[in-house]
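As a plain string of letters, each chain reads:
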Amino acid sequence: MRKFKLNDRLKACADMVGNSKRIIDVGTDHAYLPIWLIMNGKVKYAIASDINPLPLKKAENNIEKYNLKGCVQLLMSDGLDAAAPDKVDEIVIAGMGGELISSIISKAPWVAAKRKKLILQPMSSECDLRTYLYNNKFCIQNEKAVFSSGKVYTVISAVYTGIS
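Everything numeric in this text was worked out from a predicted model, so none of it was measured.

Caption draft 1: Layout of the pattern of salt bridges. Per the stated rule, a full pass over the model turns up 11 salt bridges. For the salt bridge of Glu64 with Lys69, the shortest nitrogen-to-oxygen distance reads 3.9 Å. For Arg130, the salt bridge identified is with Glu143, shortest N-O distance 2.3 Å. Of the two residues, Arg130 is situated in helix H6 (residues 126-135) and Glu143 in strand E6 (residues 138-148); the sequence distance between them amounts to 13 residues.

Caption draft 2: Examining the confidence of the model for the protein chain more closely. On average, residues of the protein chain score 95 in pLDDT, and 99% of them reach the 70 mark or higher. Confidence, expressed as mean pLDDT per element, reaches its minimum in the protein chain at helix H5 (residues 110-113) with 94 and its maximum at helix H4 (residues 98-106) with 98.

Caption draft 3: Looking closely at the sheet that holds strand E2 (residues 45-50). Pairing in this open sheet of seven strands is mixed, and the strands run E3-E2-E1-E4-E5-E7-E6 from one edge to the other. The two strands at the open ends of the sheet, each matched to only one other strand, are strand E3 (72-76) and E6. This sheet shows a mean twist of 20 degrees between the axes of neighbouring strands, independent of strand direction. For strand E5 (residues 117-124) and strand E7 (residues 151-160), the ladder comprises three bridges, and the chain directions are antiparallel. In the sheet register, Leu118 faces E7, and the bridge partner there is Ala158.

Caption draft 4: Structural view of the environment of Lys44. Relative to the assigned elements, Lys44 resides in the loop between helix H2 (32-39) and E2. By relative accessible area, Lys44 is classed as exposed at 63%. Separated by 22 residues in sequence, Lys44 and Arg22 place their C-alpha atoms 6.2 Å apart. Excluding anything up to four places from it in sequence, Lys44 contacts Lys21, Ile38 and Cys71.

Caption draft 5: Summary view of the packing of H4 against H6. With their axes 7 Å apart at the nearest point, H4 and H6 run at an angle of 25 degrees to one another. Taken together, the axes of H4 and H6 are roughly parallel relative to one another. Contacts between H4 and H6 involve Gly98, Glu99, Ile101, Ser102, Ile105 and Ser106 on the former and, on the latter, Asp128, Leu129 and Tyr132. Class assignment of the residues belonging to the contact of H4 with H6 gives a composition of four nonpolar, three polar and two charged.

Caption draft 6: Representation of the pairing of E6 in the model. Here E6 runs beside E7; their pairing, made up of 10 bridges, is antiparallel. Looking at the pairing, Lys144 lines up with Val155 of E7. The antiparallel hairpin formed by E6 and E7 contains two residues in its connecting segment, where Ser149 sits at a positive phi of about 50 degrees.

About the cut-offs
- Residues numbered from 1 in each chain as written.
- Predicted model: local features only at pLDDT ≥ 70, side-chain atom pairs only at ≥ 80, totals over all residues.
- Heavy atoms only, no water.
- Salt bridge = Lys/Arg side-chain N within 4 Å of Asp/Glu carboxyl O.
- Helix = DSSP H or I, 4+ residues; strand = E, 2+ residues; numbered from the N terminus.
- pLDDT = per-residue confidence, 0-100.
- Pairing = 2+ DSSP bridges.
- Axes fitted to C-alpha atoms, helices over the stretch in contact; angles between N-to-C directions.
- Buried < 20%, exposed > 50% of the residue type's maximum accessible area, 1.4 Å probe, protein only.
- Contact = heavy atoms within 4.5 Å.
- Parallel < 35°, antiparallel > 145°, perpendicular 65-115°, else oblique.
- Nonpolar A, V, L, I, M, F, W, Y, C, P; charged D, E, K, R; others polar.

Encoded structure:
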């Protein structure tokens, strides 16, 4: 099986994935993160989700290229709308603005109810995302700044605690 390297931004997201067996990558684009996580033994199963068919086609091609058809499921979904809460342990939302990430989480109350771990990487509006997390009783467990492609990005790990 051919290996590949993630860019530093996605690698920082991968490093935050815990000992879960199943993740969903919302806005997957090319499915590099789920593929890398499976190939490196960090997860057993992943859902590569996107709202548009073209990114899902790219993801499908990569999944076939790395022979992971049984390990990575494709899902066309607006955020977490079509995701099954009991099929994922951790949720990765990377490469979107903080306001959009906040909106995706707010439209899926099961994220808080089931205390799912979130790995978030906002491209903009990081302050808005932090405000949303605080106001909605999510606790930031870990965060890391990473320099990738000439820019500094922040990766945040958070979970609902019910405490402000």
